[in-house]
Amino acid sequence: MFSDHADAAAVDHVDGAGVLYVPFSDGFDAGFDGDITDYMLSLKAVGPRTLDSVLARLRDADTPVTQLVYTQVVSWAADVARAHGVPAVLYWIQQAAVLAAYFHLSRGTDSLDQAVAAAASNPWADTRVRGLPPMRVRDLPSSFTTAGDDHHPYAFMLPDMREVLDVLGREDTPTVLANTFHAMEPDAVVTLSQSGIHVVPIGPVLSFLDASTASASNNNNNNNNLFKMDGKGYLEWLDAQAAGSVVYISFGSSSTMSKRQITEVARGMAESGRQFLWVLIKDNRSEVDGDELKLCAGGGMVVGVVRPGKGAVAPGVGCFVTHCGWNSTLESVACGAPVVGVPQWTDQGTNAWLVERQLGTGVRAAVISDKDGVLEAGELRRCISFVTSDVVRAMAELWKGKARGAAAVGGSSERNLRAFVAGEVALAGN
């Protein structure tokens, strides 16, 4: 995205929509390949200093920053903004219920921290987060049950979330922009509001819901994808399939799959006899020698990366087999695609809980935990059969209308975002 020009001002980048991008350093300008904990430590040490320089440079150029929006992994950005007299607001990019769970865990509300610690080894144990519907331990963010394991790849998450909550606690009127919509998470919005955090739902934030971006997305100058896209052959194939006939399979852009998991998915799809579009990233393909994929040859297509908004949104897609990352979950809801959830870590279990227990638009697949949590072929077939039933399809279509209605002009999320930009505190409901 950025050039290597020595002049700091020259590295700024403007995309086809006129958005200005300005870099700041994370301490690894030459690239990074190591432990995520080391990366986060460097980001916290170097990031504030270089972001401070960015704000100062823009101020001196008579283009001062007037509002800073940050996400949870860079909560220190709020302190940098405060030092410059710039208001800052958290943009929460996960489910609002996840923020509520983190809040009540960190505060020990109703002894939630003690209850989770006592039941950490039992994923089926019942638990309650104040203001939210009943949950099981497995439905909570995975960092809740890995606390104290310093070697866990996501050991940094719980301390980072405590920092986020501390930052919010220093605000007179903490406000959070949330990538959700009110009708989908009213309980989470209410419990956070009662705890002093004003949540403003502005989602689902999905570019394909905005018709005005259609032409811009075809402009090479506006291509902000982090991964090289595959060719268009899969799009033509997908468009040629009957409505609702294709199983779309994607476990995210960063999740790795074991060789056995790839074999089980391939076998399950071959035995199902269904057409499919399977996104298998390059790192995963290196784990197999090709024989696994031959199991399902002829039944569909295997690609490396799918263009955003071109997977679950396609009319041919009948269901979505997903890791239940929040972006994928929102995409499935906004597209009316029933979900087979295969959560792995972080917030994904909570997202699967929302889809299965609250929305009724999918099912969480059962995995064999003593075999590395692999989804086996028979269970995959069972889940696909269930979510493609008329009942689940009808619920998915219902929530599709609600999601798109919230994001449309005049919808609750669109009104919330306009009110925030205007400096108002109004909160639109349904």
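Residues numbered from 1 in each chain as written. Predicted model: local features only at pLDDT ≥ 70, side-chain atom pairs only at ≥ 80, totals over all residues. Heavy atoms only, no water.

Asks: I'm lost on the overall build of the protein chain in this one. Help?
Replies: Counting its regular elements, the protein chain contains 16 helices and 14 strands. Here the protein chain holds 430 residues, and 47% of them are scored as buried. Across the protein chain, contacts joining residues at least 24 apart in sequence account for 63% of those joining residues at least 6 apart. A total accessible area of about 20,500 Å² is found for the protein chain, and carbon and sulfur atoms account for 51% of it. (Helix = DSSP H or I, 4+ residues; strand = E, 2+ residues; numbered from the N terminus. Buried < 20%, exposed > 50% of the residue type's maximum accessible area, 1.4 Å probe, protein only. Contact = heavy atoms within 4.5 Å. Areas by Shrake-Rupley, 256 points an atom, 1.4 Å probe, with all protein chains shown as cover.)

Asks: Help me understand the environment of Gly336, please; the structure alone is not making it clear to me.
Replies: Among the secondary structure elements, Gly336 is positioned in the loop between α12 (326-335) and β13 (339-341). Each residue touching Gly336, except ones within four places of it in the same chain, is listed here: Ala396 and Lys400.

Asks: Any chance you could explain empty space enclosed by the protein here in plain terms?
Replies: Counted according to the given criterion, the structure contains one cavity of 30 Å³ or more. Of the volumes computed, that of the largest cavity is approximately 40 Å³. As for the largest cavity, its lining consists of Tyr102, Leu105, Ser106, Leu158, Met161, Arg162 and Leu165. Put simply, the parts of the chain that give the lining of the largest cavity at least two residues each are α3 (96-107) and α5 (157-169). Among the elements that make up the lining of the largest cavity, the one with the highest residue count is α5 (four residues). Grouping the amino acids of the lining of the largest cavity by side-chain chemistry returns five nonpolar, one polar and one charged. (1 Å grid on protein atoms, 1.4 Å probe; cavity = no way out; pocket = protein on both sides within 12 Å on 5 of 7 lines; lining within 4 Å. Points joined across faces, edges and corners; volume = space filled by probe spheres on them. Nonpolar A, V, L, I, M, F, W, Y, C, P; charged D, E, K, R; others polar.)

Asks: Please explain the environment of Leu277 as it appears in this structure.
Replies: Residue placement: Leu277 occurs in strand β10 (residues 275-279). Leu277 gets classed as buried once you look at its relative accessible area, which sits at 0%. Every residue in contact with Leu277, bar those within four places of it in the chain, is listed here: Tyr234, Trp237, Leu238, Val246, Val247, Tyr248, Ile249, Met301, Val303 and Val306.

Asks: Sorry, what's going on with the sheet that holds strand β14 (residues 362-364) here?
Replies: In a beta sheet, neighbouring strands pair by backbone hydrogen bonds and run either parallel or antiparallel. In space, the six strands of this open sheet follow the order β11-β10-β9-β12-β13-β14, with parallel pairing throughout. The outermost strands of the open sheet, each flanked by one partner alone, are β11 (300-303) and β14. Within the sheet, the average angular offset between the axes of one strand and its neighbour, ignoring direction, is 15°. (Pairing = 2+ DSSP bridges. Axes fitted to C-alpha atoms, helices over the stretch in contact; angles between N-to-C directions.)

Asks: Help me understand the pattern of salt bridges, please; the structure alone is not making it clear to me.
Replies: Think of it this way: side chains of opposite charge can pair up when their charged atoms draw near. Under the definition given, this model contains 17 salt bridges. A salt bridge links Asp160 to Lys44; the nearest nitrogen and oxygen atoms lie 2.6 Å apart. Highlighted residues: Asp160 in helix α5 and Lys44 in helix α1 (residues 36-60), separated in sequence by 116 residues. Between Arg138 and Asp139 there is a salt bridge; the shortest N-O distance is 4.0 Å. Overall, Asp139 belongs to the buried group, its relative accessible area being 7%. Counted as one network, the salt bridges with shared partners bring together Arg260, Glu264, Arg267, Glu271, Glu376 and Arg381. (Salt bridge = Lys/Arg side-chain N within 4 Å of Asp/Glu carboxyl O.)

Asks: It is not clear to me how helix α6 (residues 186-194) should be interpreted in this structure. Could you clarify?
Replies: Because an α-helix packs 3.6 residues into every turn, residues spaced three or four apart end up facing the same way. Listed as buried for α6 are Ala188, Val189, Thr191 and Leu192. For α6, the secondary structure elements touched by its buried residues are α3 and β8 (198-201). Where α6 ends, the next residue or the one after it, Gly196, has phi of about 95°, a positive value.

Asks: Help me out: how do you make sense of the nonpolar core in this one?
Replies: Generally speaking, soluble globular proteins have nonpolar side chains that are buried together. Ranked by size, the top nonpolar core spans 62 residues in total, and within it Leu68, Tyr70, Trp92, Tyr102, Phe144, Leu168 and Met184 carry the most contacts. If you tally residues by element for this core, the top one is α3, at nine residues. Other than its neighbours up to four places away in sequence, Leu68 contacts Leu51, Leu55, Ala77, Ala81, Val86, Pro87, Ala88 and Val89. (Core = buried A, V, L, I, M, F, W, Y, C linked by side-chain atoms within 4.5 Å.)

Asks: Got a minute to help me understand unusual backbone geometry in this structure?
Replies: Across residues other than glycine, the phi torsion is negative in most instances, and most of the peptide bonds are trans. A cis geometry characterises the amide bond from Gly203 onward to Pro204, with omega recorded as 0°. Considering the arrangement of structural elements, one finds Pro204 in the loop between β8 and α7 (214-217). Unlike most non-glycine residues, Asp110 shows phi in positive territory, near 55°. Take Asp110: it is sitting in the loop between α3 and α4 (112-119). A positive phi angle, near 70°, is found at Cys324, a position not held by glycine. Among the structural elements, Cys324 can be located in the loop between β12 (317-322) and α12.

Asks: I'm lost on the packing of helix α9 (residues 259-272) against helix α14 (residues 377-387) in this one. Help?
Replies: Relative orientation and spacing of two packed helices are given, respectively, by the angle between their axes and the distance between those axes. Two elements in contact, α9 and α14, have axes whose closest approach is 8 Å; the angle formed by their N-to-C orientations is 50°. The pairing of α9 with α14 is recorded here as oblique in orientation. You can see that α9 and α14 cross each other, and the crossing is right-handed. Here Glu264, Val265, Arg267, Gly268, Met269, Glu271 and Ser272 of α9 come into contact with α14, specifically with Ala377, Leu380, Arg381 and Ile384. A class-by-class count of the residues in the contact of α9 with α14 yields five nonpolar, two polar and four charged. (Parallel < 35°, antiparallel > 145°, perpendicular 65-115°, else oblique. Left-handed = near helix turned anticlockwise from the far one by under 90°.)

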